[in-house]
Amino acid sequence: MAEDLHVIRGTKQEQYQSLIPQIKGLTEGETDITANLANVVAALKEQFKWLWVGFYIVKNNELVVGPFQGPVACTRIKKGKGVCGTSWAQAKTIIVEDVEKFPGHIACSSLTRSEIVVPVFKDNEVVAVLDVDSEHLDHFNETDATYLEQIVKLLAFG
Ligand code: SME
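Being a predicted model, the structure only gives us computed values, none of them experimental.

Caption draft 1: Focus on the side chain of Ser18. Note that Ser18 resides in helix H1 (residues 12-27). What makes Ser18 buried here is its relative accessible area of 17%.

Caption draft 2: Structural detail: empty space enclosed by the protein. Counting across every chain of the model gives one cavity of 30 Å³ or more. The space that makes up the largest cavity amounts to roughly 140 Å³. Listed by contribution, the elements that provide at least two residues to the lining of the largest cavity are strand E1 (52-59), helix H3 (82-90) and strand E6 (125-134). Here the element with the most residues in the lining of the largest cavity is H3; it accounts for three residues. When the residues that make up the lining of the largest cavity are grouped by side-chain class, the tally is nine nonpolar, four polar and three charged.

Caption draft 3: Up close: the pattern of salt bridges. Enumeration according to the criterion identifies four salt bridges in this entry. Residues Arg76 and Glu62 are paired through a salt bridge, measuring 2.9 Å at the closest nitrogen-oxygen approach. Within this pair, whereas Arg76 is found in strand E3 (residues 76-78), its partner Glu62 is found in strand E2 (residues 62-69), the two being separated by 14 residues in sequence. By relative accessible area, which is 16% here, Glu62 ends up buried. The salt bridge partner of Glu62 is Lys78, with a shortest N-O separation of 3.0 Å. Taken as a pair, Glu62 in strand E2 and Lys78 in strand E3 lie far apart in primary sequence, 16 residues in all. Residues participating in the shared-partner salt-bridge network are Glu62, Arg76 and Lys78.

Caption draft 4: View of the packing of H1 against helix H4 (residues 142-153). Packing of H1 against H4 brings their axes to within 11 Å, and their N-to-C directions diverge by 5°. Classed by the angle they form, the pair H1 and H4 counts as roughly parallel. Here Lys12, Gln13, Tyr16, Gln17, Ile20 and Ile23 of H1 come into contact with H4, specifically with Thr143, Asp144, Tyr147, Leu148, Gln150 and Ile151. Residues that form the contact of H1 with H4 fall into these classes: six nonpolar, four polar and two charged.

Caption draft 5: Structural view of the site of the ligand. The environment of the ligand is formed by 13 residues, the closest being Val83, Cys84, Ile106, Cys108 and Asp133. Here an oxygen atom of the ligand and a backbone polar atom of Val83 are 2.9 Å apart. The backbone of Cys84 places a nitrogen or oxygen atom 2.8 Å from an oxygen atom of the ligand. Contact with the protein chains hides 99% of the accessible area of the ligand, taken as 310 Å² for the molecule alone. For the ligand, the cavity whose grid points lie within 2 Å of the majority of its atoms is the largest cavity.

Here is what the cut-offs are and how they apply
Residues numbered from 1 in each chain as written. Predicted model: local features only at pLDDT ≥ 70, side-chain atom pairs only at ≥ 80, totals over all residues. Heavy atoms only, no water. Helix = DSSP H or I, 4+ residues; strand = E, 2+ residues; numbered from the N terminus. Buried < 20%, exposed > 50% of the residue type's maximum accessible area, 1.4 Å probe, protein only. 1 Å grid on protein atoms, 1.4 Å probe; cavity = no way out; pocket = protein on both sides within 12 Å on 5 of 7 lines; lining within 4 Å. Points joined across faces, edges and corners; volume = space filled by probe spheres on them. Nonpolar A, V, L, I, M, F, W, Y, C, P; charged D, E, K, R; others polar. Salt bridge = Lys/Arg side-chain N within 4 Å of Asp/Glu carboxyl O. Axes fitted to C-alpha atoms, helices over the stretch in contact; angles between N-to-C directions. Parallel < 35°, antiparallel > 145°, perpendicular 65-115°, else oblique. Contact = heavy atoms within 4.5 Å. Near = heavy atom within 4 Å. Polar contact = N/O pair within 3.5 Å; in protein donor to acceptor, adjacent residues only side chain to side chain. Areas by Shrake-Rupley, 256 points an atom, 1.4 Å probe, with all protein chains shown as cover. Sits in = over half its atoms within 2 Å of the grid points.

See the structure below:
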């Protein structure tokens, strides 16, 4: 049975360092990808209280919303569209300090001010993206990129 998440206060780095072993514990030995994606977004949401955190999964050459926590979201995003579709097309992490300055940003919630999107790879192909939205401007930096990239590597897409 899962234990309660141990949520800590501290620097962003300390929070990620506390969270990563717990995410390993939650996902290790579980092969169901939906279960693992759901627990990862729940753990991130509980620790950081971000506005929206979730996965979009590549299906039939589109991104389709997967497990997430936060307000209801756009269901499908095309390759190259918005921050998520751009991260997928470029196969790289994108940090948006101010969503109003990102051409083509898809506003699922009017509260979103900044965003980070991290691609998830399987065999060098992007199979999903992790999208995190904040109601604060300039909320994400390289620390988030580094740790979120580590976290998505713990997910074994089958
Ligand atoms: N803002 C994203 C769309 C997804 S929602 O914010 C949950 C984008 O521009 O790709």
